[in-house]
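The primary structure of each chain is shown beneath.
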Amino acid sequence: MANGLRHVAIIMDGNGRWAKSRGLERFLGHRKGTQATIDAVKFGCDLHLEHLTLYVFSSENWQRPSKEVDYLMKLLVEMVHKELPDLMEKNVKLVVIGNIDRLPEAPRKQLQHAIDTTASNTGMQLNLAISYGGRLEIVDACKAIAKEVLEGSLSLDAIDESAFAKRLYLKGAPDPDLVIRTGGEFRLSNYLLWQAAYSEFYVTPTLWPEFTNDEFQKAIDFFNSRERRFGKVLDE
Ligand SMILES: CC(C)=CCC/C(C)=C/CC/C(C)=C/COP(=O)(O)OP(=O)(O)O
Ligand SMILES: C=C(C)CCOP(=O)(O)OP(=O)(O)O
Ligand SMILES: [Mg+2]
């Protein structure tokens with residue numbers, strides 16, 4: 001793929017504002033956002049991405065009103081159940097990153113079922129960030145490393161950036177080349193803090209329920225126009 005696009009990560013923001021601007025309740029924005037999510041997964045497959053990582057629910061989103069949280073959990077069950085046959089047909093491997101133990105039983109089981117069913121698929125890996133926080137992920141990796149050092153299976157000298165990345169939730173998968181954020185905010189909101197160190201960042205004011213394949217393609221075109229230097233000097 002041009003410019004080496006292997007991994008796209010998306011912050012699917014703006015569902016609430018989409019609903020409010022139509023005089024609807026916030027949760028209807030999340031429902032509408034599921035169709036944009038399904039379309040983005042299909043488009044990711046068409047682009048032959050290795051990884052598509054979607055921010056579905058942050059560790060901070062637990063602080064939202066319980067009505068909204070409950071609705072999102074129900075939507076998750078419904079969507080994963082409904083979309084599993086399509087994920088199989090498209091050879092997509094589903095992975096969840098985040099503190100899945102905090103989820104109620106129904107979404108936890110539904111997700112586990114989909115993870116198990118798609119485990120040997122060899123196409124695009126769809127990573128859903130659910131109950132996910134970038135700081136927590138880094139703390140978890142530190143704990144895993146400390147445990148291995150205490151047990152004697154890892155030496156202090158062997159800890160480097162690559163060893164650390166292997167203890168993150170995606171276990172050393174390629175970093176996102178491109179992070180897309182809908183809804184117009186220029187911030188990471190605790191998303192992939194370690195992995196986004198050199199990602200290209202594309203922000204669009206479009207709200208997530210209105211994010212189409214054309215919009216996705218615009219983000220890809222932007223990415224393809226970037227010169228990625230990784231701190232080096234090119235073509236001197
Ligand atoms: C896989 C699955 C079930 C997808 C469901 C649909 C979906 C896109 C969920 C994301 C939920 C979320 C917190 C979005 C952020 O918009 P926001 O609520 O922060 O919107 P706002 O910034 O306008 O308030
Ligand atoms: C898209 C998801 C799932 C989380 C980030 O959006 P938020 O709406 O929670 O982020 P802030 O604007 O509060 O930073
Ligand atoms: Mg938001």
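As the structure is a computational prediction, the values presented were derived from the model and not from experiment.

Enquirer: What am I meant to see in the nonpolar core here?
Expert: Nonpolar side chains in soluble globular proteins generally cluster together in the buried interior. Formed by 43 residues in total, the largest nonpolar core has its most connected members in Leu 52, Leu 111 and Phe 216. The element best represented in this core is helix H3 (residues 66-89), accounting for seven residues. Discounting chain neighbours no more than four positions away, the residues touching Leu 111 are Leu 76, Val 80, Leu 94, Val 96, Ile 100, Leu 103, Leu 128 and Ile 130. Tyr 55, Tyr 169, Ala 173 and Tyr 191 belong to the second largest nonpolar core, which has 14 residues in total.

Enquirer: I keep staring at unusual backbone geometry and nothing clicks. Help me out?
Expert: Negative phi is the rule for most residues except glycine; trans is the rule for most peptide bonds. In this structure, Asn 91 is a non-glycine residue whose phi angle is positive, near 65°. Structurally, Asn 91 is set in the loop between H3 and strand E3 (93-97). Assessed through its relative accessible area of 27%, Asn 91 is described here as partly exposed. Here Asn 190, not a glycine, exhibits a phi torsion of approximately 65°, which is positive. When you line up the elements, Asn 190 lands in the loop between strand E5 (178-182) and strand E6 (200-204).

Enquirer: Can you help me understand the pattern of salt bridges in this one?
Expert: Note that side chains of opposite charge can pair when their charged atoms are close. In the structure shown here, the tally under the stated rule is 19 salt bridges. Close ionic contact of Asp 13 with Arg 17 constitutes a salt bridge, the shortest N to O distance being 3.1 Å. Each member of the salt-bridge network shares a partner with another, and the members are Asp 13, Arg 17, Arg 181, Glu 185 and Arg 187.

Enquirer: Is there a simple way to think about the UniProt feature "active site" (unreviewed entry) in the protein in this case?
Expert: Those places that UniProt annotates as "active site" (unreviewed entry) correspond, in this numbering, to Asp 13 and Asn 61. Spanning 49 residues, the annotated positions come together in the fold, the maximum distance between their C-alpha atoms being 12.0 Å. With respect to the element layout, Asp 13 can be found in the loop between strand E1 (7-11) and helix H1 (15-20). Beyond its immediate chain neighbours, meaning those up to four positions away, Asp 13 contacts Arg 181, Thr 182, Gly 183, Glu 185, Leu 207 and Trp 208. Locating Asn 61 in the fold gives a position in the loop between strand E2 (51-58) and H3. Take Asn 61: its relative accessible area is 17%, and that puts it in the buried class. One polar contact links the side chain of Asn 61 to the main-chain amide nitrogen of Ser 58, over a distance of 2.8 Å.

Criteria and cut-off values
Residues numbered from 1 in each chain as written. Chains lettered and ligands numbered in written order. Predicted model: local features only at pLDDT ≥ 70, side-chain atom pairs only at ≥ 80, totals over all residues. Heavy atoms only, no water. Core = buried A, V, L, I, M, F, W, Y, C linked by side-chain atoms within 4.5 Å. Buried < 20%, exposed > 50% of the residue type's maximum accessible area, 1.4 Å probe, protein only. Helix = DSSP H or I, 4+ residues; strand = E, 2+ residues; numbered from the N terminus. Contact = heavy atoms within 4.5 Å. Salt bridge = Lys/Arg side-chain N within 4 Å of Asp/Glu carboxyl O. UniProt positions renumbered as here; feature names shortened; annotations may be inferred. Polar contact = N/O pair within 3.5 Å; in protein donor to acceptor, adjacent residues only side chain to side chain.

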